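Structural overview
Now for the letters of each chain:
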Amino acid sequence: MTAAHTITVNLGDRSYPIVIGAGLLNGGFDLSKFVNGPDCLIVSNEIVAPLYRDRILPNLAGKAVTTIDLPDGESYKSVASLQAVIDRLVESGANRDTTVIALGGGVVGDIAGFAAACYMRGVAFIQVPTTLLAQVDASVGGKTGVNHPEGKNLIGAFHQPQVVMIDTDTLKSLPDRELKAGLAEVIKYGVICDVEFFAWLEDNMQALLEKEPPALARAIQRSCELKATVVAEDEHESGHRVILNFGHTFGHAIENCQGYGEWLHGEAVATGMIMAAELSGIGDGDVERLRVLLQKAGLPVSPPAIDGQDWLRTMGMDKKVKQKQLRFVLLRALGDAYLATSYDKDKLQQIIGASD
Ligand code: NAD
Ligand code: GLY
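A brief structural summary. All of these numbers come straight from a predicted model, not from anything done at the bench.

Time to look at the layout of surface pockets. Quantified by volume, the second largest pocket comes out at close to 250 Å³. At 4 residues, helix 7 (residues 213-233) tops the list of elements feeding residues into the lining of the second largest pocket. The residue inventory of the lining of the second largest pocket, partitioned by class, reads 7 nonpolar, 5 polar and 3 charged.

Put into C-alpha cells, the structure is as follows:
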C-alpha cells in the first residue's frame, strides 16, 4: 500500500476527508471509525460486488454488515432502485444510527446517497467509489439522486458523506471505455478552473489511458482538490458551484434523448463540453484545443442525431432553468467558466441544428 493522501471538504460541522491511495481496501484504511452505530448496509451492484465486497469487509471490523446488490447500469438509477434500498434497510431493522456505504460507480453512489438522505429523514453514508468518474466527481460534494424518465437527476437531495475512500487499485479492473468516460470529468476541471491542469492533461493523456499509477494519482488528487474547493464555497449550488455543470446541459439532454445508458455519462459530457465551448464564443483555437484533448482521451466530440425540438424539450428540464429560460455555463477562456445570463440564440440553434 502506498501512503494515502487526504483532502478535506471544508463544510463546517459537515466537513469530511477524501482519502486517496492504492490498496486502501483489504483493511488498508479503517472505515469502521466512520460508522457510528453498530451496523451498516453496503449498497453495490452485480458487477462491483463480486470484485470488491469481500475486500471491503476487513475495513469494517466489528460492525454488523448487510448488503444489497442492484442491477447494473444508468437505466437502473431509478425510483425502483431507491425503493429496493429502502426496503432492504427496513427488512434489516436499520435505525437512525445505521450507516449506508456506497461501493461502486456514480450510479450506485447517487442511489445509495439518496436512500441515506431519505431513510428516517437522513442517516449517515460513506462513499467508496470504484470508477474514475465517481472518484473525481460523483462521490464528492453530496449530490445524490435518481433519474426520472423525463429528466436526469430530477429527484434528489444534497447529503454529504462522512468520508470518501478512494482505492485507486480498483481502477485496474475498470473497462477502458469507463476510464475514458471518467477522463471527461477530469478534463472538465481543467477547462472550467485550472488551465495549468488542462496543459498537464495534454502532456499526460497517454499515461492516463495506460493507467500509469502516478499519473492517475495526480489526476484524481487535483480533480478532488478543485471539486472540494468549489463545493466548500457553495455547497448547495446557489452560485459558483454551477460551473461544475459545464457541458452538462447538452450532455444530460443527450443521455435523456437516447434513453439512459446508450452513451455513458462522461461521453455525453465530453460532447456537451464541445457544444458549450462553441456557444461560448471563445477563440476557435481554444475550442480546437479542447476537441483535440477529448479526442486524445478517446471521447466523442459530435452529438448523436437528435431532433431540435427534443433538444429544447430535454434542456428545458435542466435544473439551471430559471423563469422558463435556459441558462448555460460558458467559458470566457480555457480555465475560466461562468454562468451566463444570456447567450447567442442563433448560435444555439446552429449547434443543436447541426445534429438533426
Ligand atoms: P456507473 O456507476 O454506471 O459505472 C460504470 C460501469 O463500471 C458500471 O457497469 C459499473 O458496474 C462498472 N464498474 C464500477 N466500478 C468498477 C470497477 N472497479 N471495475 C469494473 N467495473 C466497474 O457509471 P459512473 O460513470 O461511475 O457514474 C455515472 C453516474 O454518476 C451518472 O448517473 C451521473 O449522473 C452520476 N454523477 C453524479 C455526480 C454527483 O455529483 N453526484 C457527478 C457526476 C456524475
Ligand atoms: N457534478 C456537479 C456537482 O457536483 O455539482
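Before going further, it helps to spend a moment on the packing of aromatic side chains. Counting across every chain of the model gives 5 aromatic pairs. Relative to Phe 34, the ring of Phe 29 lies with its centre 6.0 Å away and its plane at 25°, an arrangement referred to as stacked. Judged by relative accessible area, Phe 29 falls into the buried class, the value being 13%. We classify Phe 34 as buried; its relative accessible area is 16%. Positioned over the ring face of Tyr 189 is Lys 188, at 5.1 Å from the centre of the ring. If you follow Lys 345 out to its NZ or CZ, it ends over the ring of Tyr 343, 4.9 Å from the centre.

Turning next to the site of ligand 1. Lining the immediate environment of ligand 1, one finds 27 residues, of which Asp 72, Glu 74, Thr 130, Thr 131 and Ser 173 sit closest. A distance of 2.9 Å separates an oxygen atom of ligand 1 from a polar side-chain atom of Asn 45. For ligand 1, an oxygen atom lies 2.6 Å from a polar atom in the side chain of Thr 131. Starting from 860 Å² of accessible surface for ligand 1 in isolation, the protein chains cover 91%. For the shell around ligand 1, the secondary structure elements donating two or more residues are helix 1 (48-56), helix 3 (106-118), helix 4 (132-138) and strand 8 (151-158). Class assignment of the residues belonging to the shell around ligand 1 gives a composition of 9 nonpolar, 9 polar and 9 charged.

With that settled, consider the site of ligand 2. The local shell around ligand 2 consists of Asp 137, Lys 143, Lys 227, Glu 237, Arg 241 and Leu 244. Side-chain polar atom of Lys 143 to an oxygen atom of ligand 2: 2.9 Å apart, as the coordinates give it. Within the contact set of ligand 2, an oxygen atom lies 2.8 Å away from a side-chain nitrogen or oxygen of Arg 241. For ligand 2, whose accessible area on its own is 200 Å², the fraction buried by protein is 89%. Residues that form the shell around ligand 2 fall into these classes: 1 nonpolar, no polar and 5 charged.

Moving on, we come to the packing of helix 6 (residues 195-209) against helix 7. Where helix 6 contacts helix 7, the axes come no closer than 10 Å and their chain directions differ by 145°. Considering only the axes of helix 6 and helix 7, their crossing is left-handed. Contacts from Phe 197, Trp 200, Ala 207 and Leu 208 of helix 6 reach helix 7 at Ala 215, Leu 216, Arg 218, Ala 219, Arg 222, Ser 223 and Leu 226. Taken together, the residues of the contact of helix 6 with helix 7 sort by class into 8 nonpolar, 1 polar and 2 charged.

This next bit is on the environment of His 159. With respect to the secondary-structure elements, His 159 resides in the loop between strand 8 and strand 9 (164-167). Measuring from C-alpha to C-alpha, the distance between His 159 and Ala 49 comes to 24 Å, with 110 residues separating the pair along the chain. Leaving out residues up to four positions away in the same chain, His 159 has contacts with Gly 113, Ala 116, Ala 117, Gly 122, Val 123, Phe 125, Gly 142 and Thr 144. Side-chain polar atoms of His 159 contact the backbone oxygen of Val 123, separated by 2.7 Å.

Looking now at empty space enclosed by the protein. Scanning all chains against the criterion turns up 1 cavity of 30 Å³ or more. As a volume, the largest cavity reaches approximately 30 Å³. Forming the walls of the largest cavity are Asn 245, Phe 246, Gly 247, His 248, Thr 249, Phe 250, Ala 276, Phe 328 and Val 329.

Cut-off values and rules
- Residues numbered from 1 in each chain as written.
- Chains lettered and ligands numbered in written order.
- Predicted model: local features only at pLDDT ≥ 70, side-chain atom pairs only at ≥ 80, totals over all residues.
- Heavy atoms only, no water.
- 1 Å grid on protein atoms, 1.4 Å probe; cavity = no way out; pocket = protein on both sides within 12 Å on 5 of 7 lines; lining within 4 Å.
- Points joined across faces, edges and corners; volume = space filled by probe spheres on them.
- Helix = DSSP H or I, 4+ residues; strand = E, 2+ residues; numbered from the N terminus.
- Nonpolar A, V, L, I, M, F, W, Y, C, P; charged D, E, K, R; others polar.
- Phe/Tyr/Trp six-rings, centres within 6.5 Å; stacked < 30°, edge-to-face > 60°.
- Buried < 20%, exposed > 50% of the residue type's maximum accessible area, 1.4 Å probe, protein only.
- Lys NZ or Arg CZ within 6 Å of the ring centre and 35° of its normal.
- Near = heavy atom within 4 Å.
- Polar contact = N/O pair within 3.5 Å; in protein donor to acceptor, adjacent residues only side chain to side chain.
- Areas by Shrake-Rupley, 256 points an atom, 1.4 Å probe, with all protein chains shown as cover.
- Axes fitted to C-alpha atoms, helices over the stretch in contact; angles between N-to-C directions.
- Left-handed = near helix turned anticlockwise from the far one by under 90°.
- Contact = heavy atoms within 4.5 Å.

Treat this as a map of the structure, not an account of what it does.
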